[in-house]
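A closer look at the structure
Next come the chains, spelled out residue by residue.
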Amino acid sequence: METDFLIVGSGIAGLSLAIKLSGIGSVTVVTKKSRDDTATKLAQGGIACVLSQEDSFVLHEYDTIRAGDGLCHEDVVRTIVRQGPSRIMELEEMGVGFTRREDGELDLGREGGHSRRRVIHSGDFTGSEIERVLVEKAMNNPDIQLLEDFMVADLITLCKLRKTGSAGPEESARCKHRGEERCLGAYCLDSASGKIHTILAKATFLATGGAGKVYLYTSNPDVATGDGIAIAYRAGARVANLEFVQFHPTCLFHSKAKNFLISEALRGEGAILIDKKGRRFMEKYDPENMELANRDMVARAIDMELKRSGAECVYLDISHRPRDFIVQRFPNIYKTCLKFGIDITSEPIPVVPAAHYMCGGIVTNEWAETDLTGLFAMGETACTGFHGANRLASNSLLEGLVMAHQAFERTKTKLSYFKKLGKIDVPPWDSGGAVDMEEAVLISHNWDVIRRLMWNYVGIVRSSKRLALAQKRLEPVAREIDQHYWDYIITRDFLELRNIALVAQLIIQAAAWRHESRGGHYTMDFPCKDDWKWRRDTLLSRT
Ligand code: SIN
């Protein structure tokens, strides 16, 4: 297959980009399950954006940088925060219905780490409303081809082709002498037929979401297996900040509830955290901000309480707010909890932390460009420098939306370059002598091993010893998976396993390299922040 633009992923970044790019070329969107099976759809909180007189760009930037704990790229923060209002207006024009107050103004929610109310939302199902509108727009656009059940196995890159002799002399010279690596598209598995398609594109955009499934407990959908990070890394792109996994403090604790988040917006509206005896505990950890402290702090506080008391969960209580307010503001959470026998208007909700957001990812510049020419990355799979070491609540949909726009702008300016690119003969996928994997247990066992290991050894609180052990235990598992890759015909489950294994290894390596506690990375061996500036100044003054 050939297309001008190949987009991998159908969440907010992928689809909003597809709609924009369709005006300047042919667009193919591949998504590995159904079109709306995305993390975007599950987002409850909303989109952080400066829209009120009492707020300012500087305040939003300040809150983002403070949460990022010293690792945000300030120029990127400025770009994203300041584009917020225009991008939100585009969503509204497309038909996204955000909740408005009686006076007609947008209702602004509050979440941890924000100094002002600035989270626009559609009740507590913001992501699902956005996804609905974007899917509808994309499906009705004749220039967008949306392929469901298509999963990228690997990217096709020029230098790899050169090694196999498929690239022409001019292209080979670019690789050899300029070290330029270019992405030519991707090999995609069509899960329905089992066939691997070669999709060639002038530019490829990864918008594959996060990697929560690397952990045993996560708020993420099943599709969040770190695919973008894994395939970009294998193709030679840099990845960064993978040690900064954000754990959401409050996922519903119930044996039958899978991955159900209890939005931080509840704490924004006054919900308090209590232990099983009804005692409020956040004052021990952050007396100033209490339940609205940054997420890393609240998640660690809960982790500490659980370890100290041996309890299975703590509780989030909003029952002191009027019943009508709760039902109207949080209809989705109210109904879902009721289904599990919990009436949140009259009783506390049992909650535990779970892996929620990957702050690191594929390194990009502020135009979403990666190290490979023709390869872009956006949204949770990318590391733009916006989130630093810890993402501020509700900044992720904003980042996905703005970075998709940035990628669009860059593609427009490089359009003549992309259109002039010559055709390269790419050999079809060769599965050699691979045979069917007859025993699914080969996948399910390793799937479980990795996720349990990551939860227990590379979780909210880490130590050098546990990281070293995790690294050692993962090595043979990763080797076995690599071997299977050549021996067996690939399936989606297998590709996902291969990706979580690689991303787990990368997270562990990144965490082991960071000899300090910062943002979402906390290690008992280096509990304090290493003050790099202080060290540099001291060293300079000594020399
Ligand atoms: C939430 O609603 O608590 C999640 C929002 C986010 O992760 O930004």
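Right above here is the structure, for reference.
Since we're looking at a predicted model, the values are computed, not measured.

The rules behind these values
Residues numbered from 1 in each chain as written. Predicted model: local features only at pLDDT ≥ 70, side-chain atom pairs only at ≥ 80, totals over all residues. Heavy atoms only, no water. Helix = DSSP H or I, 4+ residues; strand = E, 2+ residues; numbered from the N terminus. Rg over C-alpha atoms; globule rule 2.2 N^0.38 Å. Buried < 20%, exposed > 50% of the residue type's maximum accessible area, 1.4 Å probe, protein only. Contact = heavy atoms within 4.5 Å. Areas by Shrake-Rupley, 256 points an atom, 1.4 Å probe, with all protein chains shown as cover. Lys, Arg positive; Asp, Glu negative; His and termini not counted. Charge placed at Lys NZ, Arg CZ, Asp CG, Glu CD. Phe/Tyr/Trp six-rings, centres within 6.5 Å; stacked < 30°, edge-to-face > 60°. Lys NZ or Arg CZ within 6 Å of the ring centre and 35° of its normal. 1 Å grid on protein atoms, 1.4 Å probe; cavity = no way out; pocket = protein on both sides within 12 Å on 5 of 7 lines; lining within 4 Å. Points joined across faces, edges and corners; volume = space filled by probe spheres on them. Near = heavy atom within 4 Å. Polar contact = N/O pair within 3.5 Å; in protein donor to acceptor, adjacent residues only side chain to side chain. Pairing = 2+ DSSP bridges. Core = buried A, V, L, I, M, F, W, Y, C linked by side-chain atoms within 4.5 Å. Axes fitted to C-alpha atoms, helices over the stretch in contact; angles between N-to-C directions. Parallel < 35°, antiparallel > 145°, perpendicular 65-115°, else oblique. Left-handed = near helix turned anticlockwise from the far one by under 90°. Nonpolar A, V, L, I, M, F, W, Y, C, P; charged D, E, K, R; others polar.

Let's talk about the overall build of the protein chain
Scanning the protein chain from terminus to terminus reveals 18 helices and 17 strands. In summary, the protein chain has a C-alpha radius of gyration of 23 Å against a globular reference of 24 Å for 543 residues, a match within 12%. Taken over the C-alpha atoms alone, the protein chain extends approximately 70 × 60 × 55 Å along its principal axes. Residue burial in the protein chain is summarised as follows: out of 543 residues, 59% are buried. Residue pairs in contact within the protein chain that sit at least 24 positions apart in sequence constitute 75% of those at least 6 positions apart. Roughly 22,800 Å² of accessible area belongs to the protein chain as shown, and the carbon and sulfur atoms make up 51% of that amount. Within the protein chain, one finds 70 positive and 73 negative side-chain charges whose respective centroids are separated by 3 Å.

Describing the packing of aromatic side chains
Evaluated as defined, the whole model comprises 12 aromatic pairs. Among the aromatic residues, ring-to-ring pairing joins Tyr187, Trp429, Tyr485, Trp486 and Phe494 into one connected group. The cationic tip of arginine 321 hangs over the ring face of phenylalanine 325; the distance from NZ or CZ to the ring centre is 4.3 Å. Across from the ring centre of tyrosine 357, 4.1 Å away, lies the NZ or CZ of arginine 391, which sits over that ring.

Here we look at empty space enclosed by the protein
Leftover empty space is mapped by rolling, across the atoms, a probe with the size of a water molecule. Taken as a whole and judged by the stated rule, the model has 5 cavities of 30 Å³ or more. In this structure, the largest cavity occupies an estimated 80 Å³ of space. Lining the largest cavity, in full, are Val245, Gln246, Phe247, Arg295, Asp296, Ala299, Arg300, Asn390, Ile460, Gly519, Gly520 and Tyr522.

Some details on the site of the ligand
Neighbouring the ligand are the residues Gly45, His248, Leu261, Ser263, Glu264, Arg295, His356, Arg391, Ala393 and Ser394. Histidine 248 places a side-chain nitrogen or oxygen 2.8 Å from an oxygen atom of the ligand. Contacts to the ligand include arginine 391, whose side-chain N or O atom sits 2.7 Å from an oxygen atom. Alone, the ligand offers 260 Å² of accessible surface; in the complex the protein occludes 93% of this.

Observations regarding the sheet that holds strand 4 (residues 108-109)
Taken in spatial order, the 3 strands of this open sheet run 3-5-4, and their pairing is antiparallel. On the outer flanks of this sheet lie strand 3 (47-48) and strand 4, each paired with one strand and no other. Sheet topology note: the strand 3/strand 5 (residues 119-120) ladder contains 2 bridges and is antiparallel. Bridge pairing links isoleucine 47 to isoleucine 120 in strand 5.

Some details on the nonpolar core
In terms of nonpolar packing, the biggest core is built from 76 residues, with Ile450 and Ile507 touching the most fellow members. Looking at this core, the element that brings in the most residues is helix 17 (residues 492-513), giving 13 residues. With residues near it in sequence (within four places) discarded, isoleucine 507 still touches Val214, Tyr215, Leu242, Glu243, Val245, Met358, Met454 and Val458. Within the second largest apolar cluster, 52 residues are counted, among which are Leu15, Ala18, Ile130 and Leu401.

Some details on the pairing of strand 9 (residues 195-206)
Side chains on a regular strand alternate between the two faces of the sheet. A large share of strand 9 lies buried, amounting to 10 of its 12 residues. Between strand 8 (residues 183-190) and strand 9, which pair antiparallel and follow one another directly, the connecting turn spans 4 residues, one of which, glycine 194, has a positive phi of 80°.

Re the sheet that holds strand 13 (residues 314-317)
In space, the 4 strands of this open sheet follow the order 11-14-13-12, with antiparallel pairing throughout. Either end of the sheet is taken by a strand with one partner, and the two such strands are strand 11 (245-252) and strand 12 (272-274). On average, each strand axis in the sheet is tilted by 45° relative to the strand beside it, whichever way the strands run. Here strand 13 pairs with strand 14 (residues 349-358) via 3 bridges, running antiparallel. Across the sheet, residue leucine 316 finds its bridge partner in strand 14, namely isoleucine 349.

Remarks on the pairing of strand 7 (residues 150-157)
For strand 7, the buried fraction is high: 8 of the 8 residues fall into the buried class. Pairing geometry for strand 7 and strand 8, over 7 bridges, is antiparallel. Opposite threonine 157, over in strand 8, you have cysteine 183 as the bridge partner.

Quick word on the packing of helix 16 (residues 464-487) against helix 17
Viewed as axis vectors pointing N to C, helix 16 and helix 17 meet at an angle of 150°, and their least axial separation amounts to 10 Å. Of the possible angle classes, the one that applies to helix 16 and helix 17 is roughly antiparallel. Seen from above, helix 16 lies across helix 17 with left-handed handedness. Packed against helix 16, whose contacting residues are Leu467, Ala470, Gln471, Leu474, Glu475, Ala478, Ile481, His484 and Tyr485, the element helix 17 presents Phe494, Leu495, Leu497, Arg498, Ala501, Ala504, Gln505, Ile508, Gln509, Ala511 and Ala512 at the interface. Partitioning the contact of helix 16 with helix 17 into residue classes produces 14 nonpolar, 4 polar and 2 charged.

Let's talk about unusual backbone geometry
At aspartate 149, a residue that is not glycine, the phi angle is positive and equals roughly 60°. For aspartate 149, the position within the fold is in the loop between strand 6 (144-148) and strand 7. Take aspartate 149: its relative accessible area is 30%, and that puts it in the partly exposed class. A positive phi angle is found at serine 394, which is not glycine, with a value near 65°. Mapped onto the elements of the fold, serine 394 is located in the loop between strand 17 (382-383) and helix 13 (396-413). The class for serine 394 is buried, based on a relative accessible area of 6%.

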